[in-house]
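Report on the structure
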Amino acid sequence: MARGPISLSSSHNEWQDLFYKIKYDLESILGDILLKIEHVGSTSVKGLIAKPTIDIIAMINNLDNPKLITKLNSINFDYITKYEDTMPFRRYFVKRNFGSHIAHLHIFPIDHHIYKQHLIFKNILSNSEEIRSAYSKLKLKLVEKDRWDRIAYQNGKNSFITKIIDQYSD
């Protein structure tokens, strides 16, 4: 299914509320499988513009748990295998509502470094108005240039994210 253009929205309190509802559903359905769960990405940072999709990272012991996909499908998370060749250490799920992406769920094995990087970047953005502003400006510039190209948009953000994490996590 082709997706429409990238659109950014101002920060909304509803994003946090939606995360907590999804978190409750995930904890209820996954139980002991789920070790940690966090709201990350731009919707998790107050005052930051974002695509209106909740990004969630979770940590489990075994990515190949045979019940994982079935359980998540039961609460309308679709399993996406497309990126497993490049990211075999992650399981990726999408929750949709009438074709729109409501939430992205990224599941990692326990203590994976990418899980930690998401939390570091969220913390930096939450605590620095200057970096939050610079990131917002970059996102606006990228969406103007790459509105129809999600990969180019994401790639345009990656060097900024890496630079900030490297600079502040020493």
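In this report, the structure presented in the accompanying data block is examined.

About the criteria used
Residues numbered from 1 in each chain as written. Predicted model: local features only at pLDDT ≥ 70, side-chain atom pairs only at ≥ 80, totals over all residues. Heavy atoms only, no water. Helix = DSSP H or I, 4+ residues; strand = E, 2+ residues; numbered from the N terminus. Rg over C-alpha atoms; globule rule 2.2 N^0.38 Å. Buried < 20%, exposed > 50% of the residue type's maximum accessible area, 1.4 Å probe, protein only. Contact = heavy atoms within 4.5 Å. Areas by Shrake-Rupley, 256 points an atom, 1.4 Å probe, with all protein chains shown as cover. Lys, Arg positive; Asp, Glu negative; His and termini not counted. Charge placed at Lys NZ, Arg CZ, Asp CG, Glu CD. Pairing = 2+ DSSP bridges. Axes fitted to C-alpha atoms, helices over the stretch in contact; angles between N-to-C directions. Polar contact = N/O pair within 3.5 Å; in protein donor to acceptor, adjacent residues only side chain to side chain. Salt bridge = Lys/Arg side-chain N within 4 Å of Asp/Glu carboxyl O. Core = buried A, V, L, I, M, F, W, Y, C linked by side-chain atoms within 4.5 Å. Phe/Tyr/Trp six-rings, centres within 6.5 Å; stacked < 30°, edge-to-face > 60°. Expected span 1.5 Å × (residues − 1).

Secondary structure summary: the protein chain contains five helices and five strands in total. Reading the protein chain from its N terminus to its C terminus gives the helix and strand order α-β-β-α-β-β-β-α-α-α. Taking 2.2 N^0.38 as the reference for a compact globule, 170 residues should give roughly 15 Å; the C-alpha atoms of the protein chain span a radius of gyration of 16 Å, in line with that estimate. Taken over the C-alpha atoms alone, the protein chain extends approximately 40 × 40 × 35 Å along its principal axes. Of all 170 residues assigned to the protein chain, the portion counted as buried reaches 39%. Here the analysis covers contacts within the protein chain between residues at least 6 apart in sequence; of these, 63% occur between residues at least 24 apart. Carbon together with sulfur atoms contributes 51% to the accessible area of the protein chain, which is approximately 9700 Å² in total. Where the 24 positive side-chain charges of the protein chain centre and where its 19 negative ones centre are 3 Å apart.

With mixed pairing, the five strands of this open sheet are ordered in space as E1-E2-E5-E4-E3. A single partner strand is all that each edge strand has here, and the edge strands are strand E1 (34-40) and strand E3 (77-80). Averaged over neighbouring strand pairs, the angle between their axes works out to 25° when direction is ignored. In this structure, E3 lies alongside strand E4 (residues 91-97), joined through four bridges in antiparallel fashion. When the bridges of E4 are listed, Tyr 79 appears paired with Phe 93. Packing of helix H1 (residues 13-30) onto the sheet brings it into contact with E1, strand E2 (54-60), E3, E4 and strand E5 (100-109), and relative to E1 it is tilted by some 165°. Relative to the sheet, helix H3 (residues 113-127) contacts E1, E2 and E5, its axis offset from that of E1 by approximately 35°.

Mapped onto the elements of the fold, Ser 42 is located in the loop between E1 and E2. Polar contacts involving the side chain of Ser 42 include one to the side chain of Lys 139, which spans 2.5 Å. Beyond its immediate sequence surroundings of up to four residues, Ser 42 is in contact with Leu 48, Ile 49, Ala 50, Tyr 135 and Lys 139.

Another point: the pattern of salt bridges. Tallying each qualifying case throughout the model produces seven salt bridges. Linking Arg 132 and Glu 129 is a salt bridge whose minimum nitrogen-to-oxygen distance equals 2.6 Å. One end of the pair is Arg 132 and the other is Glu 129, both in helix H4 (residues 129-146) and three residues apart, which spans about a single turn. Relative accessible area serves as the criterion here: at 11%, Arg 132 is assigned to the buried category. Given a relative accessible area of 51%, Glu 129 falls into the exposed group. When salt bridges that share partners are traced, they join Asp 64, Glu 84 and Arg 91 into one network.

What follows deals with the nonpolar core. By size, the foremost hydrophobic cluster in this structure holds 22 residues, and its most contacted members are Leu 26, Ile 56, Leu 68, Leu 72, Phe 77, Leu 105 and Ile 107. The set of elements that each furnish at least two residues to this core consists of H1, E1, E2, helix H2 (66-73) and E5. One finds Ile 6, Leu 48, Phe 121 and Ile 165 within the second-largest nonpolar core, a separate group that totals 16 residues.

With that settled, the discussion passes to the packing of aromatic side chains. Within this structure, the stated rule accounts for six aromatic pairs. The interplanar angle of 70° and the centroid separation of 5.9 Å between the aromatic rings of Tyr 83 and Tyr 92 together place this pair among those described as edge-to-face. The class of Tyr 92 is buried, set by a relative accessible area of 10%. Between the aromatic rings of Phe 121 and Tyr 135, the centroid separation amounts to 5.2 Å while the plane-to-plane angle is 90°, which identifies the pairing as edge-to-face. Taken together, the residues Phe 121 in helix H3 and Tyr 135 in helix H4 connect sequence positions 14 residues apart. Each member of the pair, Phe 121 as well as Tyr 135, carries the same accessibility label: buried. An aromatic cluster is built from Phe 121, Tyr 135 and Phe 160, whose rings are joined through pairwise contacts.

Right, let's talk about helix H5 (residues 150-168) for a bit. Helical geometry note: an α-helix holds 3.6 residues per turn, so side chains three or four residues apart project in the same direction. For H5, which comprises 19 residues, the first-to-last C-alpha distance of 27 Å matches the rise-based estimate of 27 Å (1.5 Å per residue) to within 8%. Looking only at H5, the buried set comprises Tyr 153, Lys 157, Phe 160, Ile 161, Ile 164 and Ile 165.

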